[in-house]
Amino acid sequence: MMRTQVRLLVNGEEHDLWIRTDRTLLNALHDDIGLPDVRYGCNEGVCGTCTVLIDGEPTSACLMYAVQAEGHEVTTLHGLADPAGELHPLQKCFLERGGAQCGFCTPGMMLTAAALKERTPDASREDIRYELVGNLCRCTGYTAIVDSVEAWMHGEHCGDAGERE
């Protein structure tokens, strides 16, 4: 298989990679760049585990070739966090309200929620549920996830959940 050089803009940083042309964005982000927040799931685009934002839109990284991402801004969950290491307010809400249990689906859920807030800042609970339908969770039953997203979207301060004793 042919290799090509690809320059990817991921979380504000450029990465030059020599990769096979059939390499998925998931493989490039997780294995080549070393971003564990982009997770392997179904490899069929139905579970949401590998969700990233491409120019602000949720995208299944397992269904996109890395070469297709060139020239686009790619955001992973790491891209939401503050450069100083401070948790994003959405992450704080997930921690405080029990939206993250095993954490496997969490990056996809959060990125999908972030895209929704960008498009529809006043999204209703029904809008949130509809938007998250492409992200599967096996732990929470979704209520805690929707509660977390709803609290964040409506400006509720979730405090410093990660700093409690």
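Scroll up for the structure.
Figured I'd write up the structure that's included with this text. (Residues numbered from 1 in each chain as written. Predicted model: local features only at pLDDT ≥ 70, side-chain atom pairs only at ≥ 80, totals over all residues. Heavy atoms only, no water.)

**Here we look at the sheet that holds strand β2 (residues 13–20)**
Reasoning step 1: Across the sheet, 5 strands lie side by side as β2-β1-β5-β3-β4; this open sheet has mixed pairing. If you trace the sheet from one side to the other, it starts and ends with β2 and β4 (57–60), each paired once. If you compare each strand with its neighbour and ignore which way they point, the axes differ by 40° on average.
Reasoning step 2: Across the sheet, helix α4 (residues 106–119) lies against β3 (51–54), β4 and β5 (73–75), angled at about 30° from β3, the strand it touches most. (Pairing = 2+ DSSP bridges. Helix = DSSP H or I, 4+ residues; strand = E, 2+ residues; numbered from the N terminus. Axes fitted to C-alpha atoms, helices over the stretch in contact; angles between N-to-C directions. Contact = heavy atoms within 4.5 Å.)

**Describing unusual backbone geometry**
Reasoning step 1: Although it is not a glycine, Asn43 adopts a positive phi angle of roughly 60°.
Reasoning step 2: Structurally, the position occupied by Asn43 is in the loop between α1 (25–32) and β3.
Reasoning step 3: According to the relative accessible area criterion, Asn43 is partly exposed, its value standing at 48%.
Reasoning step 4: Its identity as a non-glycine residue notwithstanding, Asp55 has a phi of 50°, on the positive side.
Reasoning step 5: With respect to the helices, strands and loops of the structure, Asp55 is situated in the loop between β3 and β4. (Buried < 20%, exposed > 50% of the residue type's maximum accessible area, 1.4 Å probe, protein only.)

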